[in-house]
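Close look at the chain arrangement
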Amino acid sequence: MALQCGIIGITNVGKTTIFNCISNTKGETNAFAFSATKSNIGVIQVPDSRLYELEKHQVTEKIVHTTVEIVDIPGLARGSNKGEGVGNKFLGDIRNTDALIHVLRCFDNDALPHIDGSVDPVRDMETVDFELQVKDLESVGKKLQRLEKLVKAGDKDARHGIDVLNRYSDHIGNFNNARTLEVKEEDKRHVNDLFLLTMKPVMYVCNVDEKSAVTGNKYVERVKEALGGKDAEIIVIAGAIEAEIAELESSDDRMAFLKDAGLAEPGVDKMVKAAYKMLNLQTFFTVGPKEIRAWTIKKGMTAPQAAGVIHSDLERGFIRAEVMRYHDFITLGSEHACKEAGKFFIEGKTYVVDDGDILHIRFNV
Ligand SMILES: Nc1nc2c(ncn2[C@@H]2O[C@H](COP(=O)(O)OP(=O)(O)OP(=O)(O)O)[C@@H](O)[C@H]2O)c(=O)[nH]1
Ligand SMILES: [Mg+2]
């Protein structure tokens, strides 16, 4: 279940710089437009301070964070859908992702000219959105043609599919993203198989200059205004500072640097947490003397499915789950105390795992 988050944006806005701060692999950053010719794929750890709280009550050999995959996609430009810049093929890399992080250049730097002549994050956002919308219109158009044929053959559901797709076509054709069209949940099946690029959940990262790391700047204000009312997640990051912080080995040094910059936590950590939420993911824990570990599940997964994330044997031979809630465990301090207080639960196959559950799976294969 490798869930993937894609970093998108026009060229030279700091995508790879941000990717390098969080990924276990490194991509090449460059001041030339379209210098990147392939996507970088990496694995990121999802920061979760609860792991360290758990460690206060359970001696353990190691702490293991949960991870998500991240792809740094080379910059788009006006005309990418026709193969401009590095063009078309990266639109395919975007198709494979589950959610998008859209990076916007919100910093001035005369040494780094902007591909479109000036710093204007709202224009940039529209440029990228437009490229994705053109692709989506193509996908919708192709499916409409297929459905027309089915209608001629007497398929009633295809008739309904055409109505739904026409609404999408109008909406996207008017420079809107597919995600903002209000459609009945049951009607979405007509587009879900298209994996539309502008249907993917998105968050925006404003990459600002060092001085604006805490306060934001006029560019950020414009982005907020442009997105006003669309309840979009907007995060402000000073890419240059983040890159310096990420290079520091010791966590004390990092804390000192953060404090100097007036930040409570690295901006990229905030970004990763927000991305995790956007992917509709939750965390459960396993706690023991060998390791305290966070695991990723999708909201709504049952205990056997969650067990399967650890190992397929645990799902196949699932008998029951012993469950403690994170807050009970932290407040009461031990498994024993949870049992005494009636906060140690035995759950069966239909139990839906909650965020923060501490699980012990009983199984037999
Ligand atoms: N001043 C300033 N420069 C930055 C910042 N972030 C990135 N840069 C510089 O911008 C240039 C491009 O950064 P990259 O991270 O390679 O940009 P990219 O978006 O990955 O570019 P493509 O892969 O070509 O699309 C590099 O020279 C970076 O050093 C920032 O926050 N402030
Ligand atoms: Mg890059």
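A few points on the structure. Remember, it's a predicted structure, so these values are computed and weren't measured experimentally.

For the rest of this paragraph, the subject is the overall build of the protein chain. Scanning the protein chain for helices and strands turns up 14 helices and 12 strands. By its C-alpha atoms, the protein chain is 65 × 65 × 35 Å across when sized along the principal axes. Counting only residues that meet the buried cut, the protein chain has 48% of its 365 residues in that class. For the protein chain, the proportion of contacts with a sequence separation of at least 24, taken over those separated by at least 6, is 69%. Working note: accessible area of the protein chain is about 18,400 Å², and carbon and sulfur atoms make up 49% of it. Between the mean site of the 47 positive side-chain charges and the mean site of the 56 negative ones, the protein chain shows a separation of 5 Å.

Attention now goes to the site of ligand 1. Residues in close proximity to ligand 1 total 22 residues, the closest being Thr11, Lys15, Thr16, Thr17 and Gly75. Asparagine 12 places a main-chain nitrogen or oxygen 3.0 Å from an oxygen atom of ligand 1. Within the contact set of ligand 1, an oxygen atom lies 3.1 Å away from a backbone nitrogen or oxygen of valine 13. A total of 660 Å² of accessible area belongs to ligand 1 in isolation, and the protein chains cover 85% of it.

Turning next to helix α7 (residues 218–227). For the α-helix, the turn length of 3.6 residues means that residues three or four positions removed from each other point alike. Burial in α7 covers these residues: Tyr219, Val220, Val223 and Leu227. Looking straight down α7, one finds that the buried residues subtend no more than 100 degrees of arc, so they occupy a single side. On its buried face, α7 is in contact with β5 (99–106), α4 (121–152), β6 (202–208) and β7 (233–237). Capping the start of α7 is the job of one residue whose side-chain oxygen sits 3.0 Å from the backbone nitrogen of tyrosine 219: asparagine 217.

This part covers the sheet that holds strand β2 (residues 40–45). Strand pairing in a sheet relies on backbone hydrogen bonds, with the paired strands running either antiparallel or parallel. Ordered in space as β2-β4-β1-β5-β6-β7, the six strands form an open sheet in which the pairing is mixed. Sheet topology places β2 and β7 at the edges, where each strand pairs with a single neighbour. The mean inter-strand angle of the sheet, taken between neighbouring strand axes irrespective of direction, is 25 degrees. In this fold helix α10 (residues 267–278) packs onto β1 (4–8), β2, β4 (67–72), β5, β6 and β7, with an angle of close to 160 degrees to the strand it touches most, β7.

Calculation criteria
- The residue count restarts for each chain, going from 1 along the sequence in the order it is written.
- Whichever chain is written first becomes A and whichever ligand is written first becomes 1, with later ones labelled in order.
- Given that the model is predicted, a residue must reach a pLDDT of at least 70 before its local features are reported, and side-chain atom pairs must reach 80 or more before they are shown or counted; all residues, however, enter totals for whole chains, interfaces and linings.
- With hydrogens and water stripped out, all remaining heavy atoms of the structure feed into the side-chain values.
- The helix and strand labels rest on DSSP assignments: H or I over at least four residues marks a helix, E over at least two residues marks a strand, and numbering proceeds from the N terminus.
- Relative accessibility under 20% of the residue-type maximum defines a buried residue, over 50% an exposed one, and the middle range a partly exposed one, all with a 1.4 Å probe and only protein chains included.
- The contact rule is simple, with two residues in contact once any of their heavy atoms fall within 4.5 Å.
- Each accessible area is a Shrake-Rupley result for a 1.4 Å probe, and residues are judged covered by the shown protein chains and nothing else.
- Charge counting follows a simple rule: Lys and Arg are positive, Asp and Glu are negative, and His as well as the terminal groups are ignored.
- Charge positions are represented by NZ for Lys, CZ for Arg, CG for Asp and CD for Glu.
- Nearness is defined per residue: one heavy atom within 4 Å of the molecule or strand is enough.
- Here a polar contact is taken to be a pair of N or O atoms separated by no more than 3.5 Å, where protein atoms must pair a possible hydrogen donor with a possible acceptor and residues adjacent in sequence count only if both atoms sit in side chains.
- Comment: arc refers to directions from the helix axis out to C-beta atoms.
- In short, DSSP must find at least two bridges between two strands for them to pair.
- All axes are obtained by fitting lines to C-alpha atoms, using only the stretch in contact for helices, and the reported angles, taken between N-to-C directions, cover 0 to 180 degrees.

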